[in-house]
Amino acid sequence: MAETPKKQIQSITKPRQSPRQKPKLSQSSLNPPTPQTLAPTRRSSRLISSPEPPLPPPSLRSSRRTSLDFNLNTPPKSINHTPISAKNVEKSKRKGGNDSIDVSLSPVSPDRHEAKRRKKCSELNVGTAKTRVSRNMQFEGKKRNCAAPKRVYYKKVVYDGGEFSVGDDVYVKRREDASSDDEDPVVEECWVCLKAGRKVMIECDDCLGGFHLKCLKPPLKEVPEGDWICGFCQARKLGKKVELPIPPKGKKRARTLREKLLSSDLWAAHIESIWKEVDESYWFRGRWYMIPEETAAGRQPHNLKRELYRTNDFADIEMESVLRHCYVMNPKEFSKANNEGNDVFLCEYEYDIHWHSFKRLAEIDNGEEDDEESDNDEDWNSCKDLDSDTEEDLEYEEENRNNLFAGPSPAHELAANLRKGRIFGLQKIGMKKIPEHVRCQKQTELERAKAKLLLATLPKSLPCRNKEMEEITTFIKGAICDDQCLGRCLYIHGVPGTGKTMSVLAIMRNLRSEVDAGSIKPYCFVEINGLKLASPENIYRVIYEALSGHRVSWKKALHLLNERFSNGTKSGKEDNRPCILLIDELDLLVTRNQSVLYNILDWPTKPHSKLVIIGIANTMDLPEKLLPRISSRMGMQRLCFGPYNYQQLQEIISTRLKGIDAFEKQAIEFASRKVAAVSGDARRALEICRRAAELTDYRIKKLASLPNSVSAGKALVGMADVEAAIQEMFQAPHIQVMKSCSKLSKIFLAAMVHELYKTGMGETTFEKLAMTVSCLCTSNGEAFPGWDTLLKVGCKLGECRIILCEAGARHRLQKLQLNFPSDDVAFALKGNNELPWLAKYL
Amino acid sequence: HHSFPLQRKKLTQSMGRKNPAKEALILLRSRLCNPNFIFTSFSNSPDSNYSKLKFIISTSVIEACNNSVLLLGPRGCGKIAVLELVMADLLKEYPDMISVIKLNGLLHSDDNCALKEIARQLCVEHQLLFSKMASFDDNSQFMVAMLRECGLAHKTVIFVLDEFDLFTQGKQRLLYSLLDAMQSVTSQAVVVGVSCRLDADQLLEKRVRSRFSHRELLFLPPSKEELQRLLEHILLLPTDSSLPHDYVVEFNAKLLNIFAEERFKEIIDTLSNSDSTFNYLLRFLFSAVCYMDLESGFLSLENFKAALSSIQRQPKLECLKDCSILELYILVCMKRLEVKEQDSYNFNSVMKEYKSIHDSFQTSDYYAWNVCLRAFEHLLQRELVSFVDNRGHNQSIEFRPVKLLIFSQELYQGLKSHHSCPAILQKLIDREG
């Protein structure tokens, strides 16, 4: 499909080409397989109603926008429907909700009077904004100015009395003509007395209506805990007809912005960037939010009343059409927000308008570090993107869209597993409908405990490693602050699961927030895992790519890195920052001539390299195993992460389970003692506890499924479950297999043990063993099965590695050996009631 | 001529209605070949591996967590069958939420190719374009990105690693990057390792083992009671099928009679004495069902007997049966050499012995050297005789040390049952006992 979007739209906007009459639209037949549609333009068509785009000469505008203007004169239905492929039209036909949305979008003529009525008091906030942000912004602004006098980008803008910054969510006007939209009641009215007033109001959890406490019957003294449902909704649920109080004549019930948004008379958008055009008008790039009714799946039963979806649909909107702030929060914030007013919304999912699929929003970070983290990101981005600006972004966006249009022709589509194609491919992943169980479940204590014990959940704090973390912190800080930064190299070792990598990463997170606070100099951080490299030499490439963003062959990368670190050739000013290189699983980099390790470890010794290397590996004596010239460079500073002892493990588990009452205290202690005795591996301890919780959960759910059982009120993970989990984890299953294997296999094993006792030799041949077996059989009245059957039995045991044996083709000469201690075999076979005589030979 | 239309009617009846015995045979065979049918009988109890495995995987789907499970047990105990059953049920329960990636250690033990295969299957599952050209790094990054995206979309990825032990060769990059991604990314994935090696988890490197969640399900051969239950579950015909009711009732009654017979129990015992796995039993039943007489339309004890003898073979003895006289001579000669405690011998020494037998007994079967060599080669091919070691490939056959791969008792038995074994050979063997 080589047509531009503009062309498509124009062709569609021909009169009488309503999709209802012609479900096979020209464009839908052109690109059937991908549902890419022109959905973005559907949303962007909202721009129509917003004041005219400000770029002075209309001819300069992007084709997309002009086409949208062109759209203005067509009936709204076709605007809304045409971009959607035939399938989608069908969907919206089915849904009443969508239709009503469409109808409400009446043809609007660009009316700027109203816009002008708004007091223009825009003023940019360069001076008053907070220090760091403003510094960035000023800098950015300046840079922009000298580069091209077109657009000026801002972080924060005071417009029309409100302060808007990048990352805020705002209500956006949808149409201009409706007079009721003029006065936007900030204060909600009570549903009973229809007055606002300053008294305390309570919100119904069902219809979201507001009520004065005193207007209720009976009146409430204070806001009750938990969910509260108003009388109207209760009555409605009972099947009664409900008459809402009718407002007195002449006065219309004022709808709040929230109500308007949820009935799709308004829009909400997320501000991605703000800029000033040449003609002094302020614009922002917005990312639309959608209400559930507007999605292809419609409102689903588990959707909350205040739920919105973030879309991947962007539009440039003039600041004029912004009404005011709203607050779209992730579920965690939302559950905390109690008294934040009426403009709070929940957003947990992103909706892909091309694929009509949902995807959970990635959590930026969890817990306390949230704010710092996001700030941090911003800062980092702004530093990095100084040169690349949003316009490039636009181009990229455009390109992306073109890509989408090109969907059907495979020549343009990139393979998803290639680096370049990844963005294209991954968009596609998503749910057509959000499954109910992920939203509606009320988690039990056990389930929450399980979630907390997951290895993937990052704990808020890392207990028991304070000393080590301090040492690493001082090492890094010293290295960064030191101007010379010479020969800094730290080797961290310890058995798996002792928190080596996690500690370093936690420190790096802390340091990043310190960089933000301005207490230490900025640095760059590169993390590499030796086991994830295709070959040791690849590390050069990865480092170089992380530092510069370019992909070159490893030889070139080595050359460039050598130049940078050894010769001190700095290409940009960013190169001046100290670089911290974390190499996990360092032992994997050991090659035959150890050149990779030598090269890397040699860099920090060079003056002006400003390179700090932290190597992590399991073995304590890795430096000693290496060539002396390497160990002298690496072995100077070492840090050992010893295995955790049982108190530490107990603390780690209990901090994770804080506030969840799911485990008996002894159970945790038992698990930690057991793990501490074996390996001191925290992962193992967590997994044992999780497995124990799982076993308890399993037992309880099975009990609950039985009809005639009393459900045990509270489910605590006890010693027995932990014991079972430990058994599963540590006990080899061979005894059970030996107990349940066939009769001949048992005789075979007994003969092996007998042979071992007789000769004192671990190894025997099949010939000797067969003799022993036949002796055993004849003297105990068993039928001898035949040599070939016996051989097969032996091979089957060998397959399970109960015995070690050579290939069966060796037959008589096959060598056999028990893989487990003979005591285990004796233990497994002694109490056998099928073959009681076996005990004699064990 | 009144009878003609009547006959014809009968004929058309039998044409329209297939022989019930034939139908029953088809039904039984299709049951035996369908592992899902076999293992559904065990899926109800809470202690069964089915429900345990289903619980583990479904928690990953519902509670969005990562898990790794090992299914261990001897071959033929239904590890894969139960897994398939669980996955079929889960795919039905949670459509569009589970994607399954299947790898086999025999095919994908190389990390590079395994990652490529994972990327390929992920692309197929999600209708993405796949490129063969992608490098190891690309593929592993793609895998991690996909795990993340699937986690965000509430989709579970199940990795089935059959012959898990073979994935532990080499640096275990695949397992490491898979398990490491699972402990650091917001994904929901299950790694199911299937292996017949009981020490499979010991093969993991320390850092890989630390990341493995160590759920283990042990699959054991069925017990006596389970065997009995399984027999009835498989062989009894359903009363609510299209088969004629009378026939089904009679068939089942006869079958239950057979089950109760002592001789039948003996057959089952001999069967399970040597190998008590599901697989072996199913093979036995399949051949028993195939022996069913279509005329009478019922299974009989003889069918089971015939099946037992057809499944419990003695390949060495059967090999002996087909041997020529000269080959038997060579075998006996080798036997004699072994009795003389001549540890190492080759074709030339065998020929010497052969000549001495001929000299002392003046047998009629004396063949030329090259004929004997040919017979010797034949024995080598049938693995009744083998070289002692793999050394000396460049040596010619007659000089390489060889060994007899058959027990003397077997040889004795074989000579006795051979249809044209010369008396002299039997005498020679008898003398040595």
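Model, not experiment: these values are computed from the prediction.

Enquirer: Explain the packing of aromatic side chains here, please?
Expert: In this description, an aromatic ring pair is defined by two values, namely the gap between the centres and the angle between the planes. By the definition in use, this model includes 27 aromatic pairs over all chains. Geometrically, the ring pair formed by Phe784(A) and Trp787(A) is edge-to-face, given 4.8 Å between the ring centres and 65 degrees between the ring planes. An angle of 80 degrees between the planes, with centres 4.9 Å apart, marks the rings of Phe264(B) and Phe304(B) as edge-to-face. Remark: Phe304(B) occurs in helix 15 (residues 301-311) and Phe264(B) occurs in helix 13 (residues 262-274); sequence separation between them is 40 residues. Each member of the pair Phe264(B) and Phe304(B) is classed as buried. Three or more aromatic residues joined by ring pairs make a cluster, and in this case those are Tyr540(A), Trp554(A), Phe565(A) and Trp603(A). Stacked on the ring of Tyr646(A), the Lys or Arg Arg673(A) has its end atom at 3.7 Å from the ring centre.

Enquirer: Teacher, can you tell me more about unusual backbone geometry here?
Expert: Across residues other than glycine, the phi torsion is negative in most instances, and most of the peptide bonds are trans. The backbone phi angle of Glu585(A) is positive, close to 50 degrees, even though this residue is not glycine. Counting through the fold element by element, Glu585(A) comes out in the loop between strand 16 (579-584) and helix 22 (595-602).

Enquirer: Is there a simple way to think about the side chain of Asn529(A) in this case?
Expert: Relative to the helices and strands, Asn529(A) is located in strand 15 (residues 524-529). There is a polar contact of 3.0 Å between the side chain of Asn529(A) and the backbone nitrogen of Leu531(A). Not counting chain neighbours up to four residues away, the residues in contact with Asn529(A) comprise Asp584(A), Glu585(A), Tyr176(B) and Asp180(B).

Enquirer: Sorry, what's going on with the pairing of strand 16 of chain A here?
Expert: Where a strand is regular, its side chains alternate between the two sheet faces. All names here are of chain A. Where burial is concerned, most of strand 16 is hidden: 6 out of the 6 residues are buried. Burial of the side chains of strand 16 extends over both faces: Cys579, Leu581 and Ile583 are buried on one face and Ile580, Leu582 and Asp584 on the other. With 6 bridges joining them, strand 15 and strand 16 adopt parallel strand pairing. For Phe525, the partnering residue across the bridge sits in strand 16 and is Ile580. Bridge count for strand 16 against strand 17 (residues 611-617) is 5 bridges, and the pairing is parallel. Looking at the pairing, Leu582 lines up with Ile614 of strand 17.

Enquirer: Would you mind going over the domain arrangement of chain A with me for this structure?
Expert: Frequently, the measure chosen for interface size is the accessible area removed from exposure when the parts meet. For chain A, the assigned domains read domain 1 (157-175 + 258-363), domain 2 (465-641), domain 3 (646-705 + 714-730) and domain 4 (733-840). Centre-to-centre separation of domain 2 of chain A and domain 4 of chain A, based on C-alpha positions: 55 Å.

Enquirer: Hey, could you run me through the interface of chain B and chain A in this one?
Expert: Taken together, the contact between chain B and chain A spans 93 residues of the former and 92 residues of the latter. Note on chain B versus chain A: buried area summed over both sides is about 8,100 Å², and carbon and sulfur give 54% of it. The largest per-residue losses of area from chain B upon contact with chain A belong to Leu198(B), Arg207(B) and Phe407(B), which jointly make up 9% of the total buried on that side. At the boundary of chain B with chain A, the tally comes to 13 salt bridges.

Enquirer: So what exactly am I meant to see when it comes to the UniProt feature "domain: ATPase AAA-type core" (unreviewed entry) in chain B here?
Expert: On the UniProt side, "domain: ATPase AAA-type core" (unreviewed entry) is annotated at positions that read residues 69-216 of chain B here. Along residues 69-216 of chain B, the helical share is 47% and the strand share 18%, with 6 Å between the first and last C-alpha atoms.

Enquirer: What exactly am I supposed to notice about the UniProt feature "domain: Origin recognition complex subunit 4 C-terminal" (unreviewed entry) in chain B here?
Expert: Taken from the UniProt record, the annotation "domain: Origin recognition complex subunit 4 C-terminal" (unreviewed entry) applies to residues 230-413 of chain B. Structurally, residues 230-413 of chain B is divided into 62% helix and 3% strand, and its ends, taken at the C-alpha atoms, are 37 Å apart.

Enquirer: Is there a simple way to think about the domain arrangement of chain B in this case?
Expert: You can read the domains of chain B as domain 1 (42-218), domain 2 (223-312) and domain 3 (317-431). One C-alpha centre belongs to domain 2 of chain B, the other to domain 3 of chain B; they are set 43 Å apart.

Enquirer: Explain the sheet that holds strand 2 (residues 98-104) of chain B here, please?
Expert: Within a sheet, each strand pairs with its neighbour through backbone hydrogen bonds, oriented either parallel or antiparallel. Residue and element names in this part refer to chain B. Strand order in the open sheet made by the 5 strands is 2-3-4-1-5, with parallel pairing throughout. The open sheet is flanked by strand 2 and strand 5 (215-218), the only strands paired with a single partner. When the angles between neighbouring strand axes are averaged without regard to direction, this sheet yields 20 degrees.

Enquirer: Would you explain the confidence of the model for chain B in this entry?
Expert: Segments scoring low in pLDDT should not have their predicted coordinates read at a detailed level. Of the residues in chain B, 95% have a pLDDT of 70 or more, and the chain-wide mean is 87. For this predicted complex, the interface score ipTM comes out at 0.90, while the overall pTM is 0.79.

Enquirer: Please explain helix 14 (residues 278-290) of chain B as it appears in this structure.
Expert: Owing to its 3.6 residues per turn, the α-helix aligns residues three or four sequence positions apart on the same side. Over its 13 residues, helix 14 of chain B runs 18 Å from end to end, which matches the ideal 18 Å to within 8%, given 1.5 Å per residue. Contacts from the buried residues of helix 14 of chain B go to helix 32 (787-799) of chain A together with helix 2 (20-32), helix 3 (35-40), helix 11 (224-235), helix 13 and helix 15 of chain B.

Enquirer: Explain the sheet that holds strand 15 of chain A here, please?
Expert: Residues and elements named next belong to chain A. Strand order across the open sheet formed by 5 strands is 15-16-17-14-18, with parallel pairing between neighbours. A single partner strand is all that each edge strand has here, and the edge strands are strand 15 and strand 18 (637-641). Taken over all neighbouring pairs, the strand axes of this sheet differ in orientation by 15 degrees on average, direction set aside. Packing against the sheet, helix 20 (residues 538-548) makes contact with strand 15 and strand 16, and its axis sits at approximately 150 degrees to strand 15.

Enquirer: I tried to follow a positive patch on the surface on my own but got confused; where do I start?
Expert: The grouping of Lys332(A), Lys336(A), Lys452(A) and Lys460(A) at the surface amounts to a positive patch. For Lys460(A), the position within the fold is in the loop between helix 17 (445-453) and helix 18 (466-481).

Conventions and cut-offs
Note on numbering: residues in each chain are counted from 1, in written sequence order. Chain A is the first chain written and ligand 1 is the first ligand written, with later ones labelled in order. Residues qualify for local features only when their pLDDT is at least 70, as the model is predicted, and side-chain atom pairs are given and counted only at 80 or more; totals for whole chains, interfaces and linings, by contrast, use all residues. The basis for every side-chain value is the complete set of non-hydrogen atoms in the structure, without hydrogens or water. Only centres within 6.5 Å qualify two rings of Phe, Tyr or Trp (six-membered ring in Trp) as a pair; their planes then separate them into stacked at under 30 degrees, edge-to-face at over 60, and tilted for everything else. Helical segments are the DSSP runs of H or I of at least four residues, strand segments are the runs of E of at least two, and each set is numbered from the N terminus. Each residue is placed in one exposure class: buried if its accessible area under a 1.4 Å probe, protein chains only, is under 20% of its type's maximum, exposed if it is over 50%, and partly exposed if it falls in between. In this scheme, Lys NZ or Arg CZ marks a charge over a ring once it lies within 6 Å of the ring centre and within 35 degrees of the ring normal. Think of a polar contact as two N or O atoms within 3.5 Å of one another; within protein, one of them needs to be a possible hydrogen donor and the other a possible acceptor, and neighboring residues in sequence only count if both atoms come from side chains. By definition in these notes, contact holds between two residues if any of their heavy atoms fall within 4.5 Å. Should DSSP find at least two bridges between two strands, the strands are regarded as paired. The source of the domain bounds is an automatic or database domain assignment. Once two parts are brought into contact, the accessible area they lose, counted with a 1.4 Å probe and summed over both, makes up the buried area. One speaks of a salt bridge when a side-chain nitrogen belonging to Lys or Arg is within 4 Å of a carboxyl oxygen belonging to Asp or Glu. UniProt positions are given in the numbering used here, feature names are shortened, and annotations may be inferred rather than shown by experiment. Lines fitted to C-alpha atoms define the axes here, with helix axes fitted over just the stretch in contact, and angles between the N-to-C directions of these axes take values from 0 to 180 degrees. Values of pLDDT, which run from 0 to 100, indicate the predictor's confidence residue by residue. Expected helix span is given by 1.5 Å per residue-to-residue step, counting one fewer step than there are residues. Patches were defined on residues exceeding 30% relative accessible area and lacking a salt bridge, with like-charge contacts within 9 Å and nonpolar side-chain contacts (Val, Leu, Ile, Met, Phe, Trp, Tyr) within 5 Å. Exposure was quantified through the Shrake-Rupley algorithm and a 1.4 Å probe, taking into account, for residues, occlusion by the shown protein chains and nothing else. When charges are tallied, Lys and Arg are placed among the positive residues and Asp and Glu among the negative ones, while His and the ends of the chain are skipped. The location of each charge is read from NZ of Lys, CZ of Arg, CG of Asp or CD of Glu.

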